[in-house]
Amino acid sequence: MMKPMIKKVVVLFLLFAAVSFGQDALAQKVGHINVDSLVKMMPQYDTAEKKLQKYAAELQKSIDKAKKEYENLIKEYQEIPQSFQSTKKLKENEIIELENKIQTRTAAAQEDLVAMQQELLKPIIDKVKKAIEDVAKEKGYTLVIDSSTGILIYSLPADDLMNEVKKKLGIK
């Protein structure tokens, strides 16, 4: 009579252990961090930001100079008597050409500013990402999410399903 009871206890214990082990195997440790805030805390960030602001000021100065030239052309145009239509037409063409140059220069300046920002911040961001990966590995995190963007910034390579899904879809 005791033997069936012991068997039931052993079976229940084994079942409980298997379920517990299965849950641990399926559990993922997820962490989050505000990468934007962390990047701004880095000592190198202030130096990069100052360089970027200086560069932006130089670009703005160049654009402001062209705008001043544009304003002078407008004044000159307005001072030309109506009877000098050919002169007015030439001045109009100059104004239009300068408007186009200002627009092109402004767009180029914005692109240059973004490129400079990326160039200056890349080493800082790379350093932050490396530290996040190191901490995630050390602390056993399987996923880390950037709380400032909601984007996954770290995951175990074993969690990548790309090859299996491609295989399932017949993609090589």
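My aim in this report is to walk through the structure given alongside it, one point at a time. (Residues numbered from 1 in each chain as written. Predicted model: local features only at pLDDT ≥ 70, side-chain atom pairs only at ≥ 80, totals over all residues. Heavy atoms only, no water.)

Considering the packing of helix α3 (residues 43-79) against helix α4 (residues 85-139)
Where α3 meets α4, the closest approach of the two axes is 10 Å, and the angle between their N-to-C directions is 180°. One way to sum up the angle between α3 and α4 is to call them roughly antiparallel. A per-class count over the contact of α3 with α4 returns 21 nonpolar, 4 polar and 12 charged. (Axes fitted to C-alpha atoms, helices over the stretch in contact; angles between N-to-C directions. Helix = DSSP H or I, 4+ residues; strand = E, 2+ residues; numbered from the N terminus. Parallel < 35°, antiparallel > 145°, perpendicular 65-115°, else oblique. Nonpolar A, V, L, I, M, F, W, Y, C, P; charged D, E, K, R; others polar.)

Quick word on the pairing of strand β2 (residues 143-146)
Pairing of strand β1 (residues 30-33) with β2 involves 4 bridges; the strand directions are parallel. Note that in β2 the partner of Ile33 across the bridge is Asp146. Linking β2 back to strand β3 (residues 151-155) in an antiparallel pair, the connection comprises 4 residues, with Gly150 at a positive phi of about 80°. (Pairing = 2+ DSSP bridges.)

Regarding the nonpolar core
Val39, Ile124 and Val128 are the most contacted members of the largest nonpolar core, which totals 14 residues. Of all the elements in the fold, those that place two or more residues in this core are α2 (35-41), α3 and α4. The element contributing the most residues to this core is α4, with 6 residues. Apart from the residues lying within four places of it in its own chain, the contact partners of Val39 are Tyr45, Ile124, Ile125 and Val128. In terms of nonpolar packing, the next biggest core, distinct from the first, is built from 5 residues, Ala66, Ile95, Leu98 and Ile102 among them. (Core = buried A, V, L, I, M, F, W, Y, C linked by side-chain atoms within 4.5 Å. Buried < 20%, exposed > 50% of the residue type's maximum accessible area, 1.4 Å probe, protein only. Contact = heavy atoms within 4.5 Å.)

Some remarks on the layout of surface pockets
The space that makes up the largest pocket amounts to roughly 220 Å³. What lines the largest pocket is a set of 15 residues, and nearest its centre among them are Val35, Asp36, Val39, Ile125 and Asp146. Looking at the lining of the largest pocket, the elements with two or more residues in it are α2, α4 and β3. For the lining of the largest pocket, the leading source of residues is α4, giving 5 residues. (1 Å grid on protein atoms, 1.4 Å probe; cavity = no way out; pocket = protein on both sides within 12 Å on 5 of 7 lines; lining within 4 Å. Points joined across faces, edges and corners; volume = space filled by probe spheres on them.)

A closer look at the pairing of β3
Two elements, β2 and β3, share 4 bridges in a ladder whose sense is antiparallel. For Val144, the partnering residue across the bridge sits in β3 and is Tyr154.

Considerations on the sheet that holds β1
Spatial strand order, β1-β2-β3: 3 strands in an open sheet with mixed pairing. Only two strands of the sheet have a single neighbouring strand rather than two, namely β1 and β3. In this sheet, neighbouring strand axes are inclined to one another by 30° on average, regardless of whether the strands run parallel or antiparallel. Sheet strands in contact with α4 are β1, β2 and β3, and its direction is about 60° off that of β3.

Side note on the side chain of Lys88
In this fold, Lys88 is placed in helix α4. For the buried Lys88, which has no salt bridge, the nearest side chain bearing the opposite charge is Glu92, at an N-O separation of 6.3 Å. Those residues in contact with Lys88, other than ones at most four positions away along the chain, are Tyr77, Ile80, Pro81 and Gln82. (Lys, Arg positive; Asp, Glu negative; His and termini not counted. Salt bridge = Lys/Arg side-chain N within 4 Å of Asp/Glu carboxyl O.)

A few points about α4
The first and last C-alpha atoms of α4 sit 78 Å apart over 55 residues, in line with the 81 Å expected at 1.5 Å per residue. At Leu121, α4 is bent by approximately 40°, the largest bend along its length, and proline Pro123 sits one to four residues beyond. Within α4, the full set of buried residues consists of Lys88, Lys91, Ile95, Leu98, Ile102, Ala109, Leu120, Leu121, Ile124, Val128, Ile132 and Ala136. Of the residues one or two after α4, Gly140 is the one with positive phi, at around 80°. (Expected span 1.5 Å × (residues − 1). Bend = angle between axes of the 7 residues up to and from the residue.)

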